Amino acid sequence: MYKQTLCLILCFASSVLSSSLFTPCKVTDGDCITKSTQAVIPALLSGIPELGVESSDPLFVEKIEGNLSIIKYIFYNTTVEGYKQCKISNIKVSPDVTNLHYELDCDRLKLSGKYDVSGRLVILPVEGSGDYELITGKYHIDIDAELKTSSGKDGKVHLQIKNFKLKCKSLSPTKYDFRNLFNGQKDLSDAVHKFAHENWQEVAELVQDPTWYATQKKVISNVNKYLKSVPLDDLKIMIMYLRLVALFFFTSYATANLASVITKCSDEDTKCLKDFTQNLIPLFAKGDPSMKVDPIDPIFVKTINASSPNLKLVLNDISLTGLKDCVVKKAKRDLQKNKFLFKLMCSVNLEGQYVMDGRLLILPINGKGRNHVSLDKALFVIETDVAENILEDGKKHWIIPKWSYKYELKEKSNIIFENLFNGNEVLSKAAEEVIKDNGNEIIQEVGEPIIEYIIGKVVDSMRQFYTAVPVEELVQN
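Computed from a prediction, not measured in an experiment: that's the story for all the values here.

> Whenever I open this one, the overall build of the chain confuses me. Can you help?
From N to C terminus, the chain includes nine helices and 18 strands. Taken over 477 residues, the chain has a buried fraction of 46%. With the model as given, the accessible surface of the chain reaches about 25400 Å², and the carbon-plus-sulfur share is 54%.

Here you go:
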């Protein structure tokens with residue numbers, strides 16, 4: 001029903017917009033409504049040639065120039081892919097329609113083309129020209145722009161986005177591939193690539209702004225071409241209806257999404273409890289704003305101190321992935337004893353930076369650089385206490401006052417520390433062999449803080465879910 005209502009709203013909005021993306025339809029013309037709605041999404045993503053609006057994904061940028069204090073680079077004929085997966089949020093327009101704010105979250109963008117570069121990458125000299133490809137990690141961008149009005153060829157007032165400012169934040173590593181650095185000298189090229197990958201945040205802060213400004217300038221140019229076809233008066237009406245559509249769709253989607261997950265189970269029905277818990281995994285992984293459930297795949301962590309009495313080990317700028325694929329092996333609920341138990345089989349990957357000095361197992365060791373950890377089939381056993389609390393809705397909700405966990409590594413763990421012993425190949429090779437053969441033993445010695453953090457995030461998701469959903473919707477009497 002809500003889909004039909006959504007179509008009616010979109011169709012009605014289109015009837016007052018002669019230049020909008022929607023085809024005018026009669027309310028009774030179901031086929032027209034369906035075709036009009038289906039046509040909107042690809043038109044927005046692929047561009048509108050008849051209005052001179054180019055594609056924004058893939059996006060072509062002829063020249064990107066970074067004229068920075070210690071490094072100068074030019075990207076030629078760059079193709080940018082991935083904007084389709086970016087999410088726009090927190091859109092704000094000032095009451096006088098002179099300022100615009102929005103935020104962009106992109107999980108992955110791929111840029112490829114030609115490059116020229118010379119200067120210093122933080123501390124390393126760099127020069128070269130050739131083909132390049134870079135794949136960003138997760139990015140968050142704040143955009144603030146000025147809005148101005150002008151008279152169009154139709155004699156009506158149109159809105160345009162003018163000056164804009166960006167605030168960019170790299171949240172996970174970028175992968176760089178610049179071919180023919182130093183005219184093909186592999187050792188120098190490898191050293192620069194290694195440095196860039198190990199120091200991805202510092203490198204991003206140095207070089208990112210010219211690239212982001214150039215790509216956003218092109219995207220905004222495409223938006224302005226469309227705005228030239230829509231008078232401001234019509235745009236105000238469209239904004240009003242789009243806000244109504246967004247509100248209606250979000251509320252309906254949240255309700256439908258919540259209903260599809262919630263299942264009433266009795267304590268005795270272990271299959272129901274297991275299936276219900278399995279259905280929660282993707283919800284927890286992606287998060288759900290309607291229930292204020294934070295996403296847990298990926299998880300980004302600034303610092304985890306994994307030191308032991310014999311070893312200083314600090315992990316920084318960590319990305320944890322894999323929880324979305326956890327398999328529920330057991331789910332048990334005992335409301336008489338106020339206890340829950342869950343067994344999850346998960347494979348988790350960790351990427352980040354490390355600083356280490358001391359003794360690992362029996363091995364003297366030190367190093368600083370990137371690290372990679374893969375836990376293949378780790379069985380997490382989570383036990384929680386549970387109590388009831390009456391919240392603002394006047395209903396009983398579960399709370400988790402205390403929890404504990406155990407874990408068992410079912411398969412061999414893979415651990416890599418790059419740049420051990422400051423790159424000394426002889427010492428590094430010996431240490432790497434020990435680490436490779438004793439992955440599980442190393443996890444047992446220093447992995448506890450990492451695993452505890454992961455379990456803690458899962459428990460936090462459970463708490464947020466129980467805060468959103470009352471007990472009466474979860475218990476089959």
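> Looking at this structure, I do not really get the pattern of salt bridges. What am I missing?
Any two side chains of opposite charge can pair, so long as their charged atoms come close to each other. Counting across every chain of the model gives 17 salt bridges. Here Asp177 ties to Arg179 by a salt bridge, and the two come within 3.2 Å at their closest N and O atoms. The class for Asp177 is partly exposed, based on a relative accessible area of 31%. Residues Lys186 and Asp190 are paired through a salt bridge, measuring 2.6 Å at the closest nitrogen-oxygen approach. Separated by four residues within a single helix, Lys186 and Asp190 lie in helix α3 (residues 186–198), roughly one turn from each other. Residue class for Lys186 comes out exposed when judged on its relative accessible area of 60%.

> Even after reading the chapter, I still don't get the state of the cysteines, so can you show me in this structure?
Applying the stated rule across the entire model yields three disulfides. Paired through a disulfide, Cys265 and Cys272 show a sulfur-sulfur distance of 1.9 Å. With the S-S bond torsion at -75 degrees, the cross-link from Cys265 to Cys272 turns out left-handed. The same class applies to Cys265 as to Cys272, namely buried. The disulfide bridge from Cys326 ends at Cys346, spanning 2.1 Å between sulfur atoms.

> Mind showing me how you'd approach the sheet that holds strand β6 (residues 124–135) here?
To summarise the sheet geometry, strands pair through backbone hydrogen bonds and adopt either a parallel or an antiparallel arrangement. Taking strand neighbours across the sheet as the criterion, the five strands line up as β1-β2-β5-β6-β9 in an open arrangement whose pairing is antiparallel. Two strands bound the open sheet, and with one partner strand each, they are β1 (59–67) and β9 (175–178). Sheet twist, expressed as the mean angle between neighbouring strand axes with direction ignored, is 25 degrees. Strands in contact with α3 are β5 (110–121), β6 and β9; relative to β9, the strand with the most contacts, it is inclined by about 160 degrees.

> Would you mind going over unusual backbone geometry with me for this structure?
Note: most residues except glycine have negative phi, and most peptide bonds are trans. Between Asp297 and Pro298 the backbone carries a cis peptide bond, its omega angle lying at 5 degrees. Inspection of the secondary structure puts Pro298 in the loop between α6 (270–286) and β10 (299–305). Located in the positive-phi region is Asn183, a residue other than glycine, with phi close to 55 degrees. Within the secondary structure, Asn183 is located in the loop between β9 and α3. Positive phi, close to 65 degrees, is recorded for Asn419, a residue that is not glycine. Locating Asn419 in the fold gives a position in the loop between β18 (414–417) and α7 (425–437).

> Even after reading the chapter, I still don't get a positive patch on the surface, so can you show me in this structure?
A grouping of Lys148, Lys153, Lys162 and Lys228 is seen on the molecular surface, where their side chains present a positively charged patch. Of note, Lys228 is situated in the loop between α4 (200–227) and α5 (232–261). You can call Lys228 exposed: its relative accessible area is 56%.

Definitions and limits used
Per chain, residue numbering runs from 1 following the sequence as it is written. Local features in a predicted model are, by the rule used here, given only for residues with pLDDT of at least 70; side-chain atom pairs are given and counted only at 80 or more, and totals for whole chains, interfaces and linings are based on all residues. Hydrogens are left out, water is left out, and the side-chain values use all remaining heavy atoms of the structure. Where helices and strands are cited, they refer to DSSP runs of H or I of at least four residues and of E of at least two residues respectively, numbered from the N terminus. Type-normalised accessible area, obtained with a 1.4 Å probe on protein chains alone, sets the label of each residue: buried when under 20%, exposed when over 50%, and partly exposed for intermediate values. Per-residue and other accessible areas follow the Shrake-Rupley method at a 1.4 Å probe size, with only the shown protein chains counted as cover for residues. Salt bridges are counted wherever a side-chain nitrogen of Lys or Arg sits within 4 Å of a carboxyl oxygen of Asp or Glu. The criterion for a disulfide is a pair of cysteine sulfur atoms lying within 2.5 Å. Pairing between two strands requires that DSSP report at least two bridges joining them. In this description, a line fitted to the C-alpha atoms serves as the axis of each element, helices being fitted only across the stretch in contact, and the angle between N-to-C directions of two axes falls anywhere from 0 to 180 degrees. Contact definition: two residues touch when any of their heavy atoms are within 4.5 Å. Each patch groups residues whose relative accessible area exceeds 30% and which form no salt bridge, using 9 Å between like charges and 5 Å between nonpolar side chains of Val, Leu, Ile, Met, Phe, Trp and Tyr. When charges are counted, neither His nor the chain ends are considered; positive counts come from Lys and Arg and negative counts from Asp and Glu. For charged residues, the charge sits on one atom: NZ in Lys, CZ in Arg, CG in Asp, CD in Glu.

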